[in-house]
Amino acid sequence: MATSTTADLDYRPSYRAALVVSLVTLVLYLVTLAPSTAMWDTSEYIAAAYTLGLPHPPGNPLFVIIGRVFSILPIATTIAVRINILAAICSATSAGMWFLVTERVLVGWFPERWQRIVGGALGALIGATAFTVWNQSVVNEKVYTVSLVGLAIISWLMIRWSDDPDGRKADRILVLVAYLLGLGYANHMAGMLAAPAVGLAVLVRRPRTLFRWKLLLACVAAIVLGLTPFATQPIRAAYFPAINEGEPTACRTKLELSCTFSKGTLDAFNYNFNRGQYGKPELSDRQASFGEQIGMWWLYFKWQWLRDAHGDHPFPQALLAAAFLVLGLFGGWVHFQRDRRSFWYFGSLMFTMTLLLIYYLNFKLGASQDPASQAPHEVRDRDYFFLWSFSAWGVWAALGLLFVWESVASLLGEETVKVGRESLSLPTSRSWRVSSPVLAFALIPLFANWHWASRAGHRDTRDFAADLLNSVEPYGVLVTVGDNDTFPLWYAQEVEGIRKDVVIANTSLLNTDWYVRQLIRRPIFDYDAAKGPAIYRNQQWVKPTTPPLHMTMADADSVPAYLPLNGPMSFTSGPLKATIDPRNLDHGVLQRADLFVLRMIQDSWPQRPIYFARTSGSYARSLGMGDAVLTQGLAAKLYMPPAAGAKDTVYLQGDGWLDVARSDSLWNSVFVGPKSVIHSGDWIDRPSVGIPYLYVATGIELAEALKQQGKTAQAKSVFDLSKQIATTVRLDDLLRAAEAEFNQVPATGDTARSLPLPPAKTDSLSKPGAKTPAKAPAATPKKK
């Protein structure tokens, strides 16, 4: 290895080469870019950016501002693609930064510039094609790629500062870094991940900086300046955008100085800023052992080089993971040996983004980690929290791979070369060329992950949202329970304008005070019959004049967090009579959300149709209404069963009633989701596979009902499409029993078998309660 110093080699960064690397990476991401939204937080954040709203606490104001700018740029035909391009640009820019970092580390090692460019390109390639980095770069699921580019830029600045900490630009670089740290925090808390590494680099390279109070004050001021996007939140919240989570303002009707500059706003802002509604445990209260949490990181590390979502290739995946781990660790050692100046920053950054971050996040077991364990698991896989380490790992993996390349080349032949005052034994030009195939190892993630990471052509989430909304009659209220049956609907309504007449009532958010106020405040949108399904054009739909809750905001704020039940309770609303058994409720109590659902039924039904999304599982049954719901497509309508059976109404065992005619019309004439799921070709994210399973279950139930009516051809068509969905998303095992039953001689009667529907999962949403007890909706205990 060469040992020349930076000064001896007159180092100049290859910015043009870095630009080419970024552009090539951007092309890769654009080719595999999602044309629409996706599951989990994607829909929430695209809708929040487009409406200049507030996503879940702490609200990520920098992302919202940048996302809003991208949403109006004429760079694509749809809002979703424009904001997805933001993610692609951020990650592609990060690849260029990692190229520069890798090239800089190689200056004291490889005297030839072309070798350093090759090394930089390898670092960028490995980091950019790691599964999570790639998968998050082709759809704007959240804010992580914006954080990534901030960390990558800070890394490049600090490595340049470490080269010349006494240079004339050194102080300005530190002030700029401080500003970027604050600005990064305004995007996501991960923006501060580089802070410990920055502090250690300064302490090692120029400790006297700690005594320069003017510079320190300037850095503090720069951090505060970077945090100023948070100041937009109380102002924007008081304009009550459609997405206004946390509502960090004391203003209730309009923006005013008196309520904006008040203790109420300060308290609301601090609660939102500190993510108070999530109630995360103290670090001393470990949700899993540290070893298990490292095991989660290792599971996700294995994904990076070969995703293998269905466990078809465990040995190659483990082998690749071990190889990239060894390459990265060896690359870190080489970094320490050959360029200690930059190592103090970069090495401590890697420690912060791995071991320290693992300890700080204090996760439960990962959703895909040790499925047989009875220990609590996260509701979804958290690989995206380690995206920054996987991206930067490319730098060290490239250094390790270059060491292997040099070692192989040296075995094939060396020559003595004079570099400066030193005579070095280096591989010959022929040896470099002959041994270069070993570098192809860096291409493995590109080819191994293409199928898994690409989101090209994926429209299933958007189409599911449209199908669920179109299952609801005009001006209906739709009760949902989780992220994936709520956020996509927000996107469909606020970004694409689909069925804004439907009121979405999420039970997790109904436990908060601010969400209920938003339901009361929400405008009543006209139903657009021309754009709605044809099945709703055969009658006039009366537009409501009041919100679904007939309450003042003060009344809503006073509803208690829960109402204990000592025994069964009867609930009456018009002709509806239900018995609520505390044994069917969490902890035997009616939560605040349950009270508001009951109140909406009292205030709005039957004038307004009330629906339960089928993703809510047995929620209607827990409220004593399991036999008073009528399934229509992907939603179940509150319904009074007729005294005598109706021709197109079939009872589903354990799942209420099925409107066969309406569901058949929705399935064949309205739904676009089934074909979208099949077109996507797979369902990589297993924790959200309940969404395609909902189509499978709905189709099988409909097919069985049609078969009982003697409509054999229609039943087979519906069943075959359901089977195709199940096969596509690897749910074949769940289909075998249903297929065997479907192929039997049809039973007679008006009862059909239903498939169990698991409730949608909650992640970003929460279940806090209101603080002040008060009068609950009218309900009386049932006498024993």
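Refer to the structure printed above.
Residues numbered from 1 in each chain as written. Predicted model: local features only at pLDDT ≥ 70, side-chain atom pairs only at ≥ 80, totals over all residues. Heavy atoms only, no water.

(A) Spotlight on the overall build of the chain. Along its length, the chain carries 31 helices and 15 strands. Computed over C-alpha atoms, the radius of gyration of the chain comes to 29 Å, within 12% of the 28 Å expected from 2.2 N^0.38 for 784 residues, which places it in the range of a compact globule. Along the three orthogonal principal directions, the C-alpha set of the chain runs to about 100 × 65 × 50 Å. Burial analysis of the chain (784 residues in total) assigns 59% to the buried set. (Helix = DSSP H or I, 4+ residues; strand = E, 2+ residues; numbered from the N terminus. Rg over C-alpha atoms; globule rule 2.2 N^0.38 Å. Buried < 20%, exposed > 50% of the residue type's maximum accessible area, 1.4 Å probe, protein only.)

(B) Examining the side chain of Asn-60 more closely. Mapped onto the elements of the fold, Asn-60 is located in the loop between α3 (41-51) and α4 (61-72). Here the side chain of Asn-60 touches Asn-187 through a polar contact of 2.7 Å, landing on its backbone oxygen. Setting aside residues up to four positions removed in sequence, Asn-60 forms contacts with Tyr-45, Pro-55, Val-143, Ala-186, Asn-187, His-188 and Gln-233. (Polar contact = N/O pair within 3.5 Å; in protein donor to acceptor, adjacent residues only side chain to side chain. Contact = heavy atoms within 4.5 Å.)

(C) Representation of the side chain of Thr-132 within the structure. Residue placement: Thr-132 occurs in helix α7 (residues 131-137). A polar contact is formed between the side chain of Thr-132 and the side chain of Asp-383, at a distance of 2.7 Å. Here Thr-132 is in contact with Gln-304, Asp-383, Tyr-384, Leu-387 and Phe-390, once residues within four sequence places are set aside.

(D) Focus on the pairing of strand β3 (residues 477-480). Burial along β3 is two-sided: the face carrying Val-477 and Val-479 and the face carrying Leu-478 and Thr-480 are both buried. Where β3 and strand β4 (residues 503-506) come together, four bridges link them in parallel fashion. Bridge pairing in β4 links Leu-478 to Ile-504. Strand direction decides the pairing type here: β3 and strand β9 (residues 610-613), joined by three bridges, are parallel. Looking across to β9, one finds that Val-477 is bridged to Ile-610. (Pairing = 2+ DSSP bridges.)

(E) View of the nonpolar core. With 119 residues, the main nonpolar core has Leu-510 and Met-625 as its most contacted residues. Considering each element in turn, this core owes the most residues, eleven residues, to helix α29 (residues 690-708). When residues no more than four places from it in sequence are discounted, the contact partners of Met-625 are Phe-571, Leu-576, Ala-578, Leu-598, Ile-601, Phe-612, Ala-620 and Leu-638. (Core = buried A, V, L, I, M, F, W, Y, C linked by side-chain atoms within 4.5 Å.)

(F) The arrangement of the packing of aromatic side chains in detail. Using the criterion set out here, one finds 45 aromatic pairs in the structure. Taken together, a centroid distance of 5.6 Å and an interplanar angle of 85° make the contact between Trp-134 and Trp-450 edge-to-face. One end of the pair, Trp-134, is in helix α7; the other, Trp-450, is in helix α20 (residues 444-453), and 316 residues separate them in sequence. Judged by its relative accessible area of 0%, Trp-134 is buried. Under the relative-accessibility criterion, Trp-450 is labelled partly exposed at 38%. (Phe/Tyr/Trp six-rings, centres within 6.5 Å; stacked < 30°, edge-to-face > 60°.)

(G) Representation of the environment of Trp-213. Locating Trp-213 in the fold gives a position in helix α11 (residues 213-226). Between the alpha carbons of Trp-213 and Asp-166 there is a distance of 16 Å; along the sequence they are 47 residues apart.

(H) Quick look at the pairing of strand β12 (residues 649-652). Of the pairings in the sheet, the one linking β12 to strand β13 (residues 656-659) comprises four bridges and is antiparallel in character. The residue of β13 that forms the bridge with Tyr-651 is Trp-657. Here β12 folds back onto β13 in antiparallel fashion, the turn holding three residues, of which Gly-654 has a positive phi close to 80°.

(I) Geometry of a nonpolar patch on the surface. A surface patch of nonpolar side chains, about 740 Å² in accessible area, is lined by Met-189, Leu-283, Phe-290, Ile-294, Phe-351, Leu-355, Leu-356, Tyr-359 and Tyr-360. Taken together, the elements giving at least two residues each to the nonpolar patch come down to α15 (290-303) and α17 (340-361). Per element, the largest residue contribution to the nonpolar patch is five residues, and it comes from α17. Note that Leu-283 resides in the loop between α14 (263-273) and α15. Judged by relative accessible area, which is 32%, Leu-283 ranks as partly exposed. (Patch = residues over 30% accessible without salt bridge, like charges linked within 9 Å, V, L, I, M, F, W, Y side chains within 5 Å. Areas by Shrake-Rupley, 256 points an atom, 1.4 Å probe, with all protein chains shown as cover. Salt bridge = Lys/Arg side-chain N within 4 Å of Asp/Glu carboxyl O.)

(J) Quick look at the pattern of salt bridges. Taken as a whole and assessed by the stated rule, the structure comprises 30 salt bridges. One salt bridge in this structure joins Arg-380 and Glu-141, with 2.8 Å as the shortest N-O distance. Of the two residues, Arg-380 sits in the loop between α17 and α18 (387-412) while Glu-141 sits in the loop between α7 and α8 (144-163), which places them 239 residues apart along the sequence. The two residues Arg-380 and Glu-141 agree in class, both being buried.

(K) Molecular detail of the environment of Ser-436. Examined against the element boundaries, Ser-436 turns out to sit in the loop between α19 (429-435) and α20. The spacing of Ser-436 and Ala-715 is 279 residues in sequence and 60 Å in space, taken between C-alpha atoms. Polar contacts involving the side chain of Ser-436 include one to the main-chain carbonyl oxygen of Arg-433, which spans 2.7 Å.

(L) Here's a closer look at α11. Helix length check: α11 (14 residues) gives 20 Å between terminal C-alpha atoms against 20 Å at 1.5 Å per residue, within 8%. If you check which residues of α11 are buried, you get Leu-215, Cys-219, Ala-222 and Gly-226. For α11, the buried positions fall inside an angular range of 60° around the axis, keeping them on one side. In α11, the exposed residues that point more than 90 degrees away from the buried face are Trp-213, Lys-214, Leu-217 and Val-224. In the core, the buried residues of α11 are packed alongside α9 (170-187). (Expected span 1.5 Å × (residues − 1). Arc of directions from axis to C-beta.)

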